[in-house]
There are 2 protein chains.
Amino acid sequence: MPEFRRDPIIGRWVIIAKERGKRPSDFVIQPERRVGGFCPLCQGNENTTPPEVLAYGPPGRVPNTPGWTVRVVPNKFPALVIEGDLDKQGEGIYDKMNGIGAHEVIVETPDHDQTLAGMPHDHVVQIFHAYRDRMVDLERDQRFRYIMVFKNFGRAAGASLEHSHSQLIALPVVPHRMQEEINGTRKYYDYKERCVYCDIIRQERSQNVRVVCENEGFIAICPYAPLAPFETWVLPKRHASSFPSLDEPGFQALTGVFLETMRRLDRALPRVPYNYMLHTAPLRTPPMEHYHWHIEIVPKLTMIAGFEWGTGFYINPTPPEEAARYLREMEID
Amino acid sequence: MPEFRRDPIIGRWVIIAKERGKRPSDFVIQPERRVGGFCPLCQGNENTTPPEVLAYGPPGRVPNTPGWTVRVVPNKFPALVIEGDLDKQGEGIYDKMNGIGAHEVIVETPDHDQTLAGMPHDHVVQIFHAYRDRMVDLERDQRFRYIMVFKNFGRAAGASLEHSHSQLIALPVVPHRMQEEINGTRKYYDYKERCVYCDIIRQERSQNVRVVCENEGFIAICPYAPLAPFETWVLPKRHASSFPSLDEPGFQALTGVFLETMRRLDRALPRVPYNYMLHTAPLRTPPMEHYHWHIEIVPKLTMIAGFEWGTGFYINPTPPEEAARYLREMEID
């Protein structure tokens, strides 16, 4: 029999269609294929992007020339513009403001053919450092309230460039979905005086059926009420509400669990399109007892249709227990 | 400059990328094409579906034989099962219950090649009658709290059958998205003692820039803060929280505006995949002063990527004022 499960954070119910019990081989994956052609993110083409705002490389490297390992540039076709005032105003019963924000591209590697799952540990640490460094820099702009880091891999997941990259958007408002998450965790905390994510980690480690992998600092789990098949979360084991406050051993531990998770996903679902999103506290908030930063990884295996769109109600054909078991059983190097 | 706009119902901000100002011809529409092959929804194949639960046709017609105009059958591959108890229970900090529910298919026409936009007025009235009749019947089942009627047209919008049909799911919980809408309208009502949808209708009629069409009973508008290009809502002008309470002149007026809207959309974006969802009050609730039933029509023109998924924040390249103008200017018969 199918099962309704409730997300303990925002209270959303999902349908876990257990019978369908879809395994990796049951999905028609459209593996992302290389098309080629000119790539503005490749080493040597630095002059075809807006000037870089951050790059890691050897001492003495001239900006916007080759030699970098990770490079951050403003998006050439930004959804928001950086210059100007918000100019908040009403329009009858409606509210609007100018589309002020930052929209940046984190070029994860100079090598066009590299994918995240294939990168060395130390290189992925640099990518996370780039996220942190840009967030710390942009937080100084008092107009911004939230920074969202995310990655689209593959056309089916919304990527328009095939060269491995992530994106960052700094927003003058806290997005609805994040506000819901923050409100949900506060409600739980008010009632139980515990962080719901800390409770989840404790229960997952004790039940040990939805854990994908873990090390001393981080854990990867398939959540109890996932929206999508093989959805996986990576969480710090020690409570912390904000990603940029992570210390260096933390970056090492994060990368260990994150990279192992990406490699297991890539082995189970080769070159599957996916999105991941970094969920962290709003800017300039003091540490929150109730909120717990994490990364949500969502492979693109099912479609969002009228039912999901209209109800916010998702039907997931792969129970997370089975997804976690498949991922655990993958042999990786 | 792009613009942030806030949805006055649930408070969600969207980005309206005005510069991009995408017109119908700027979108790469994947028009839905006929593939053919055996169709279980066609007249003559009644024995290949589960037995019908409703059908309109001539007096004396034998059930599950040809001659019907609109026919409703249980979904052969339901997401939920109709038999059993909910058996609500906890699992540590988590909540679950059995996947009890009804999942039905409304076959809108016996003719495989007919689309909604091409149907005669009186036939579309019958489709709405079928929605109403099934909702009234299923409401008697005390296990159900919400009924969602929706339509997926086209593979890109999630339809797996090409024969024109809609679907209905009866649920033992109120979906998250509907609960948000109901909470949002209650909050507005508590503060202003007015229905937010009634306020929207008043402002839209007075500004007259986002109205697509209207008659004495209904109005179609492109909402101020739409998630998607050419998103259009059809609302009753007179306040009512529940669709099944509509009277016969109401069904006529609804069909007039709804069908004109579908024809204008089909003319502007030929055979574009789309979803529509009927938003109505939860089952067995008394009439609500704050909630206002309506239909949301969403053409499938853009993709949901990591940013939208992670933030609940949508970037819409077509301002609703322009969408409404294009739709108004379409010449229809």
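Going by an unreviewed UniProt entry, chain A carries the name Galactose-1-phosphate uridylyltransferase and comes from Dissulfurirhabdus thermomarina.

Topic: the relation of the copies chain B and chain A
When chain B is brought onto chain A, the operation consists of a screw motion whose angular component is 180 degrees and whose axial shift is 0.0 Å, with 0.0 Å RMSD remaining. Taken together, the turn and the small shift mark the pair as related by a two-fold rotation axis.

Considering the packing of aromatic side chains
Taken as a whole, this structure holds 26 aromatic pairs over all chains when the rule is applied. Each ring, one from A:Phe243 and one from A:Trp293, has its centre 5.1 Å from the other, and the planes form 70 degrees; the classification is edge-to-face. Of the two residues, A:Phe243 sits in the loop between β12 (232–236) and α4 (248–268) while A:Trp293 sits in the loop between β13 (274–279) and β14 (294–299), which places them 50 residues apart along the sequence. Assigned by exposure class, A:Phe243 and A:Trp293 land together as buried. Between B:Phe258 and B:Tyr276 the ring centres are 5.3 Å apart and the planes differ by 85 degrees, which places this aromatic pair in the edge-to-face class. Residue B:Phe258 is located in helix α4 (residues 248–268), and its partner B:Tyr276 is located in strand β13 (residues 274–279); the two are separated by 18 residues in the primary sequence.

With respect to the packing of helix α2 (residues 176–192) of chain A against helix α3 (residues 196–207) of chain A
Residue and element names in this part refer to chain A. Where α2 meets α3, the closest approach of the two axes is 9 Å, and the angle between their N-to-C directions is 75 degrees. For the element pair α2 / α3, the angle class is roughly perpendicular. The residues of α3 that touch α2, namely those facing Glu 181, Thr 185 and Tyr 188, are Val 196, Tyr 197 and Asp 199.

Some remarks on the interface of chain B and chain A
Contacts between chain B and chain A engage 72 residues on the former and 72 residues on the latter. The shortest N-O distance in the salt bridge between A:Arg6 and B:Asp95 comes to 3.7 Å. For the pair chain B and chain A, the interface holds 18 residue pairs in polar contact (both at pLDDT 80 or more). Broken down by element, the side of chain B that touches chain A gets its largest block of residues, six residues, from helix α3 (residues 196–207) of chain B. Here the side of chain B that touches chain A is composed, by residue class, of 42 nonpolar, 14 polar and 16 charged. Of the strand pairs in this sheet, strand β6 (residues 94–98) of chain A and strand β1 (residues 3–6) of chain B are connected by four bridges, and their pairing is antiparallel. Note on β1(B): the bridge partner recorded for A:Asn98 is B:Glu3.

A word on the pairing of β13(A)
Residue and element names in this part refer to chain A. With six of its six residues buried, β13 lies for the most part within the structure. Alternating positions in β13 separate into two faces, Tyr 274, Tyr 276 and Leu 278 on one and Asn 275, Met 277 and His 279 on the other, with burial throughout. Bridge analysis of strand β8 (residues 146–153) against β13 gives five bridges, and the strand direction is antiparallel. Note on β13: the bridge partner recorded for Phe 150 is Met 277. In the sheet, β13 pairs with β14 via six bridges, with the strands oriented antiparallel. When the sheet's bridge partners are listed, Tyr 274 is paired in β14 with Pro 299.

Considerations on helix α1 (residues 121–138) of chain B
The terminal C-alpha atoms of α1(B), which comprises 18 residues, lie 26 Å apart, in line with the 26 Å expected from a rise of 1.5 Å per residue. Every buried residue belonging to α1(B) is among B:His123, B:Val124, B:Val125, B:Ile127, B:Phe128, B:His129, B:Ala130, B:Tyr131, B:Arg132, B:Arg134, B:Met135 and B:Leu138, and all of these are buried.

The rules behind each value
- Residues numbered from 1 in each chain as written.
- Chains lettered and ligands numbered in written order.
- Predicted model: local features only at pLDDT ≥ 70, side-chain atom pairs only at ≥ 80, totals over all residues.
- Heavy atoms only, no water.
- Least-squares fit on C-alpha atoms with pLDDT ≥ 70 in both.
- Phe/Tyr/Trp six-rings, centres within 6.5 Å; stacked < 30°, edge-to-face > 60°.
- Helix = DSSP H or I, 4+ residues; strand = E, 2+ residues; numbered from the N terminus.
- Buried < 20%, exposed > 50% of the residue type's maximum accessible area, 1.4 Å probe, protein only.
- Axes fitted to C-alpha atoms, helices over the stretch in contact; angles between N-to-C directions.
- Parallel < 35°, antiparallel > 145°, perpendicular 65-115°, else oblique.
- Contact = heavy atoms within 4.5 Å.
- Salt bridge = Lys/Arg side-chain N within 4 Å of Asp/Glu carboxyl O.
- Polar contact = N/O pair within 3.5 Å; in protein donor to acceptor, adjacent residues only side chain to side chain.
- Nonpolar A, V, L, I, M, F, W, Y, C, P; charged D, E, K, R; others polar.
- Pairing = 2+ DSSP bridges.
- Expected span 1.5 Å × (residues − 1).

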